[in-house]
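So you can see what is in the structure, the chains are spelled out below.
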There are 2 protein chains.
Amino acid sequence: MRTEIATLGEFGLIKHLTEGIKLENESSKYGVGDDAAVLSYPDKQVLVTTDLLMEGVHFDLTYVPLKHLGYKSAIVNFSDIYAMNGIPKQITVSLALSKRFSVEDMNEFYAGLRLACQQYHVDIVGGDTTSSLTGFAISITCIGEVDKAKIVYRNGAKETDLICVSGDLGAAYMGLQLLEREKAVFKGETDAQPDFSGKEYLLERQLKPEARKDIIERLASAQIIPTSMMDISDGLSSELMHICSQSNAGCRVYEEHIPIDFQTAVMAEEFNMNLTTCAMNGGEDYELLFTVPITEHEKISEMEGVRIIGHITKPELGCALITRDGQEFELKAQGWNPLKKTN
Amino acid sequence: MRTEIATLGEFGLIKHLTEGIKLENESSKYGVGDDAAVLSYPDKQVLVTTDLLMEGVHFDLTYVPLKHLGYKSAIVNFSDIYAMNGIPKQITVSLALSKRFSVEDMNEFYAGLRLACQQYHVDIVGGDTTSSLTGFAISITCIGEVDKAKIVYRNGAKETDLICVSGDLGAAYMGLQLLEREKAVFKGETDAQPDFSGKEYLLERQLKPEARKDIIERLASAQIIPTSMMDISDGLSSELMHICSQSNAGCRVYEEHIPIDFQTAVMAEEFNMNLTTCAMNGGEDYELLFTVPITEHEKISEMEGVRIIGHITKPELGCALITRDGQEFELKAQGWNPLKKTN
């Protein structure tokens, strides 16, 4: 069944997609349906982050189901709010669609979006739906809240601070490699048969990532305020360099401490790729990278889902990875950079 | 001179474009450079609006200079905040660029954007720059403030309220027709020579619109809080129908009171178009449409730049235009609807 979007028009489509949306947060005063949404943040600081995702650059609808895309589009924005030690509360959603897309397609996309919002208690408060000549463009803005005293920027890392990451790295990138291989098979460009069994975790990390709300809550329970934090979207190397440059510091991270899932390691071997490179530069992990004072060592080393991977140094020492055999390699940002990639 | 964007990369480009941006509003605590911007609104309600503009749908770079596009992209968002009776304070800017665009192009775009922000005292606090496979996509989110007691929604119009509009209507649409004609000349599709003399106002309304900050200030000085308000982006007819449907009301507007500039009238005749249709459905005027209680008649009729064009009725009477010869025509939303247009 395919219903053309033209049968509803812009206002009809927005109305259809946002029907039945209830605002659950105290700070959401008025949502979809006027020139602007109305929010109220008398006691908190307001966080605002925005992301623009373009078909063919950020996602490939050959293998990304629209429902997953809706879910992930929301999650990547929530992740930016958590990375400030905040809590996401509202999103606005702007979509541009070519005539390839039907009302049913948008239902799928919105189903994913609404699922993510329900699970993270975020309200959809506005947006814009329009057309594009080619492809699908998604722009999401997320608004969140944080206590003034608890905001964590990228620029507060101090010498001797411990460098920590949540979860494990490189799996989302391996999931992408798997899907790209399947696409090649589908097009008859290779004989290899896609085999996803035992690799579900990699696909899930790529197609349905989660934002680390749980880590923010654990840090709060342990009364730890990181000295710096960001989320890992472009790859650990690139993000470490951001923190160090903004904090005017250097760092040492240890290859042996980089958290990597078993499936990621198996897959890297299968693809004949360097595992550490994948973990350092893969991107799209949406894990948290943060630094804490060394005095928090005991508390942080006991925290579930968090790994200490190195420490902050004086800026003169630069940023380096120490390999298992003790060699030092200067970090380079080889992360995913869409502007370099396609221009 | 053409500098490829790839020479700077995503982070380099953002840094280059946002260099030297100073935050001038008290509510802007932290701008570009972290996972999210930090704002503070302890005493006001927060307004959020967003817009996604796509090349080929919303703008045509054949005749729209990038500096003007930057200016207009900001203005259309400010206009949405004024339409809530608020004051715009911050924007985030997300851009997706194909390889056709150079660093110099982006300098032009940002020059227009920054000019608009300076003139309206709005801070650029964040954004995202990425690539697109084709064309240019612009997503701007604007954050503003308003006193809780002064917010004006679309849904408060009451029977007997006066319907008012600021400025004049239809000129931006006529400017677009002029530019489209020039484009046809350029392509050799017609012999007509583009002649812009005496038509500067129409071009300015299309290429460099302003948001009606002055009207919001005049309403505040006169201590008038409209019962409903929105900005005219899709055309007066369409917007009147939004206000009436959301307010559960009807309306009567009078053709003879619709404010139209002399140049718009001359141009409509030259193009052999119905002038009232252009003014009612042209779109992109970014004027304010609002309703006030009839008790404000004296104050509002003396207000500079505001015209009373009709009144609100019971919903049973529907929405109608009364022509100069006394005929009643039901309003139809023939306004610009990008989803209908290209799908």
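Residues numbered from 1 in each chain as written. Chains lettered and ligands numbered in written order. Predicted model: local features only at pLDDT ≥ 70, side-chain atom pairs only at ≥ 80, totals over all residues. Heavy atoms only, no water.

**Q** Any chance you could explain the packing of helix α4 (residues 171–186) of chain B against helix α8 (residues 262–270) of chain B here in plain terms?
**A** Packed helix pairs are characterised by how far apart their axes lie and by the angle those axes make with each other. Residue and element names in this part refer to chain B. One way to put it is that α4 packs onto α8 with a least axis distance of 9 Å and a crossing angle of 45°. Here α4 is positioned oblique relative to α8, judged by the angle of their axes. Considering only the axes of α4 and α8, their crossing is left-handed. In this structure, α4 contributes A171, M174, L178 and R181 to the contact, and α8 contributes T264, M267, A268 and E270. A class-by-class count of the residues in the contact of α4 with α8 yields five nonpolar, one polar and two charged. (Axes fitted to C-alpha atoms, helices over the stretch in contact; angles between N-to-C directions. Helix = DSSP H or I, 4+ residues; strand = E, 2+ residues; numbered from the N terminus. Parallel < 35°, antiparallel > 145°, perpendicular 65-115°, else oblique. Left-handed = near helix turned anticlockwise from the far one by under 90°. Contact = heavy atoms within 4.5 Å. Nonpolar A, V, L, I, M, F, W, Y, C, P; charged D, E, K, R; others polar.)

**Q** Can you help me understand helix α1 (residues 9–18) of chain A in this one?
**A** One turn of an α-helix holds 3.6 residues; hence residues three or four places apart share an orientation. Of the residues making up α1(A), those classed as buried are G9(A), E10(A), L13(A), I14(A), L17(A) and T18(A). Count one or two residues on from α1(A) and you reach G20(A), which has phi positive near 75°. (Buried < 20%, exposed > 50% of the residue type's maximum accessible area, 1.4 Å probe, protein only.)

**Q** Could you clarify how one ought to interpret the environment of S73(A) in this entry?
**A** Residues and elements named next belong to chain A. Positionally, S73 belongs in helix α2 (residues 66–82). Judged by relative accessible area, S73 falls into the buried class, the value being 1%. Sequence separation between S73 and I138 is 65 residues, and the spatial gap between their C-alpha atoms is 7.8 Å. With near-sequence residues (within four places) excluded, S73 lies in contact with L53, F109, I138 and I140.

**Q** Which parts of the structure should I look at to understand the side chain of E287(A)?
**A** Residues and elements named next belong to chain A. With respect to the secondary-structure elements, E287 resides in strand β10 (residues 287–292). On the accessibility criterion, E287 (1% relative accessible area) is buried. Of note is the side chain of E287, whose polar atom sits 3.4 Å from the backbone nitrogen of G167. Engagement of the side chain of E287 in a polar contact is seen with the side chain of R212, the distance being 2.8 Å. Excluding residues that lie within four positions of it along the chain, E287 makes contacts with S166, G167, D168, L169, R205, R212, M230, D231 and I232. (Polar contact = N/O pair within 3.5 Å; in protein donor to acceptor, adjacent residues only side chain to side chain.)

**Q** How should I be thinking about the UniProt feature "binding site: Mg(2+) 4" (unreviewed entry) in chain A in this particular structure?
**A** Under the present numbering, the feature "binding site: Mg(2+) 4" (unreviewed entry) in UniProt falls on D35(A), T49(A) and D80(A). Taking the farthest pair of C-alpha atoms as the criterion, the annotated set spanning 46 residues is dispersed, since that pair is 25.7 Å apart. With respect to the helices and strands, D35(A) occurs in the loop between β1 (28–30) and β2 (37–40). Along the chain, the position of D80(A) falls in helix α2. Here D80(A) is in contact with T49(A), D51(A), D231(A), D35(B) and A36(B), once residues within four sequence places are set aside. Within polar-contact distance, the side chain of D80(A) engages the side chain of T49(A) at 3.4 Å. (UniProt positions renumbered as here; feature names shortened; annotations may be inferred.)

**Q** Can you help me understand the interface of chain A and chain B in this one?
**A** In many reports, interface size means the accessible area that the parts give up when they come together. The interface is formed by 71 residues belonging to chain A together with 71 residues belonging to chain B. Here chain A packs against chain B, burying approximately 5700 Å² in sum over the two surfaces, 57% of which is carbon and sulfur. A salt bridge links D35(B) to R154(A); the shortest N-O distance between them is 3.1 Å. Summed over the shared surface of chain A and chain B, the number is 21 residue pairs in polar contact (both at pLDDT 80 or more). With nine residues, strand β3 (residues 45–54) of chain A is the single largest residue contributor to the side of chain A that touches chain B. For the side of chain A that touches chain B, a count of residues per class yields 32 nonpolar, 26 polar and 13 charged. Taken together, the four bridges between β3(A) and strand β2 (residues 37–40) of chain B define a ladder with antiparallel strand orientation. (Buried area = accessible area lost by both parts, 1.4 Å probe. Salt bridge = Lys/Arg side-chain N within 4 Å of Asp/Glu carboxyl O. Pairing = 2+ DSSP bridges.)

**Q** Please explain the sheet that holds β3(A) as it appears in this structure.
**A** In spatial order, the strands read β5(A)-β4(A)-β6(A)-β3(A)-β2(B)-β1(B); together these six strands make up an open sheet with mixed pairing. The open sheet terminates on both sides in strands that have one partner only, identified here as β5 (123–131) of chain A together with β1 (28–30) of chain B. Taken pair by pair, the neighbouring strands of this sheet meet at an average axis angle of 25°, ignoring direction. Both strand β4 (residues 87–97) of chain A and β5(A) contribute to a ladder of eight bridges, which runs parallel.

**Q** Explain the relation of the copies chain A and chain B here, please?
**A** Copy one and copy two of the chain differ by a rotation about an axis and a translation along that axis. Aligned on chain B, chain A shows an RMSD of 0.0 Å; the corresponding rotation is 180° and the shift along the axis is 0.0 Å. The two molecules are tied by a two-fold rotation axis, judged by turn and shift. Identified as the residue of chain A closest to the rotation axis by C-alpha distance is P42(A), at 2.0 Å. A shared binding surface is used by both copies, with 100% of the interface residues of chain A retained as interface residues in chain B. (Least-squares fit on C-alpha atoms with pLDDT ≥ 70 in both.)

**Q** What should I look at first to understand the nonpolar core in this one?
**A** Side chains that are nonpolar tend, in soluble globular proteins, to be buried together. F78(B), I91(B), F136(B), F290(B) and I300(B) are the most contacted members of the largest nonpolar core, which has 69 residues in total. Setting aside chain neighbours within four positions, we find I91(B) in contact with F78(B), L113(B), C117(B), V122(B), D123(B), I124(B), V125(B), G126(B), I140(B), T141(B) and C142(B). Counting 68 residues, the second largest nonpolar core, distinct from the first, contains Y63(A), L97(A), A171(A) and L207(A). (Core = buried A, V, L, I, M, F, W, Y, C linked by side-chain atoms within 4.5 Å.)

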